[in-house]
2 protein chains.
Amino acid sequence: MTKPTQFSQTLRAWMDAFMHRSMRGWSHFAKSTGLSMPQFSILMQLHHKGPCGMSAIGERFDISAAAASQLVEKLVQAGYLERAEDPTDRRAKLLTLSAKGNELIKQGIEERYRWMDDLVLTLSAEDQRKTADALEILTKAAQQLDEKKQSL
Amino acid sequence: MTKPTQFSQTLRAWMDAFMHRSMRGWSHFAKSTGLSMPQFSILMQLHHKGPCGMSAIGERFDISAAAASQLVEKLVQAGYLERAEDPTDRRAKLLTLSAKGNELIKQGIEERYRWMDDLVLTLSAEDQRKTADALEILTKAAQQLDEKKQSL
DNA sequence: CTTTTTAGTTAAGTAGACTGAACTATATAC
DNA sequence: GTATATAGTTCAGTCTACTTAACTAAAAAG
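This text gives an overview of the structure that appears in the document. If you're wondering where the values come from, they're calculated on a predicted model, not measured in any experiment.

### A few points about the interface of chain A and chain B
Thinking step 1. Listed per partner, the contact involves 45 residues of chain A and 46 residues of chain B.
Thinking step 2. For the side of chain A that touches chain B, the secondary structure elements donating two or more residues are helix H1 (6–33), helix H2 (37–49), helix H5 (99–121) and helix H6 (125–150) of chain A.
Thinking step 3. At 16 residues, the largest contribution of residues to the side of chain A that touches chain B is made by H6(A).
Thinking step 4. Among the residues making up the side of chain A that touches chain B, the classes are represented as 23 nonpolar, 11 polar and 11 charged.

This is the structure in structure tokens:
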């Protein structure tokens, strides 16, 4: 963080607007579903990263295995999650989103997208093309950055 | 949500990557400060929108006035917030971030930016220019969209 | 085959976020 | 001026998240 470039200034302005909006949106949506934020976050994680074990949940959210187990139990009871035995290790459990869970998350994501779609409608065709290009560049770069970090 | 365009596809890919990252980052940072997520969110709100009254907090987070009052009390005790009497209405309070509160939020934002800055470094000069243009377009569009919604 | 990890659950207890109800004090309406 | 609405606080009680500790069962190590 020596001297912010023009570019990172622009990034920051965008991040401020976008982060504030999306965080507000998510917490509002989570509340409307009746789920707590921690519960909801677990569903989000499963949606993003796919099935995983109980211990992965604990690590991801930095809570004890006991806490993870209890949160997951509630989500299973509510029908959002399925908890099966891992065939390769009978101690472990495999957590997957149920159809109901998937539906819920998709709906939340749709609502988040809607704002972006509204944004699109205000742009000229030319500006749409420009921004699409740019975001593709950024998305790819983000992917590569993540992969690089993962391999360390 | 009829037929997603190429553009909104690209937006979505970006949103997925970006939202997941930033949410994870924020909750991790909030935890590291010792503040709960609701407490932290209040500081964020103050930072984003500037000083406001107690009732505005309740409305913004959809909690009772009692809950807002209690959360704010904790933040005042911890020195992150200042709660003064509103000179124009002696019933009302004016909540503002203290220097300590401001410092905290700024630090969190810096950490969030860092990822973006890393991202920048992986791009060519040409790509940097392209994305800067695009994000400026998007940021302005977002501002205008918000203003339009506010005036309804 | 025994010992030790590892994966997860259960239980008891702590702490924070929240609500409704009762209250104070000020502003607004009539 | 009285009545009413508004801004905020305090209190008692509830619910959820979380922790540690004690447990079961299966895998891995010796």
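### Comments concerning the protein's contact with DNA strand D
Thinking step 1. Surveying the vicinity of DNA strand D reveals 26 residues, the closest of which are Ser36(A), Ala66(A), Ser55(B), Ala66(B) and Ser69(B).
Thinking step 2. Mapped onto the surface near DNA strand D, the elements with two or more residues apiece are H2 and helix H4 (65–77) of chain A together with helix H3 (54–61) and helix H4 (65–77) of chain B.
Thinking step 3. Examining the composition of the surface near DNA strand D, we find that 6 residues originate from one element, H4(B), more than from any other.
Thinking step 4. Along the lines of polarity and charge, the residues of the surface near DNA strand D split into 10 nonpolar, 8 polar and 8 charged.

### Overview of the relation of the copies chain A and chain B
Thinking step 1. The two copies are related by a screw operation: chain A maps onto chain B through 180 degrees of rotation and 0.0 Å of translation along the axis, at an RMSD of 0.1 Å. Such a combination of rotation and displacement between the chain copies is what one expects of a two-fold axis. Closest approach to the rotation axis among the C-alpha atoms of chain A is made by Ala134(A), whose C-alpha sits 3.1 Å away.
Thinking step 2. A shared binding surface is used by both copies, with 100% of the interface residues of chain A retained as interface residues in chain B.

### Some details on the protein's contact with DNA strand C
Thinking step 1. Close to DNA strand C lie 26 residues; Ser55(A), Ala66(A), Ser69(A), Ser36(B) and Ala66(B) are nearest.
Thinking step 2. Looking at the surface near DNA strand C, the elements with two or more residues in it are helix H3 (54–61) and H4 of chain A together with helix H2 (37–49) and H4 of chain B.
Thinking step 3. It is H4(A) that contributes the most residues to the surface near DNA strand C, 6 residues altogether.
Thinking step 4. Class assignment for the residues of the surface near DNA strand C results in 10 nonpolar, 8 polar and 8 charged.

Reading the values: the criteria
Residues numbered from 1 in each chain as written. Chains lettered and ligands numbered in written order. Predicted model: local features only at pLDDT ≥ 70, side-chain atom pairs only at ≥ 80, totals over all residues. Contact = placed C-beta atoms within 7 Å. Helix = DSSP H or I, 4+ residues; strand = E, 2+ residues; numbered from the N terminus. Nonpolar A, V, L, I, M, F, W, Y, C, P; charged D, E, K, R; others polar. Near = placed C-beta within 6 Å. Least-squares fit on C-alpha atoms with pLDDT ≥ 70 in both.

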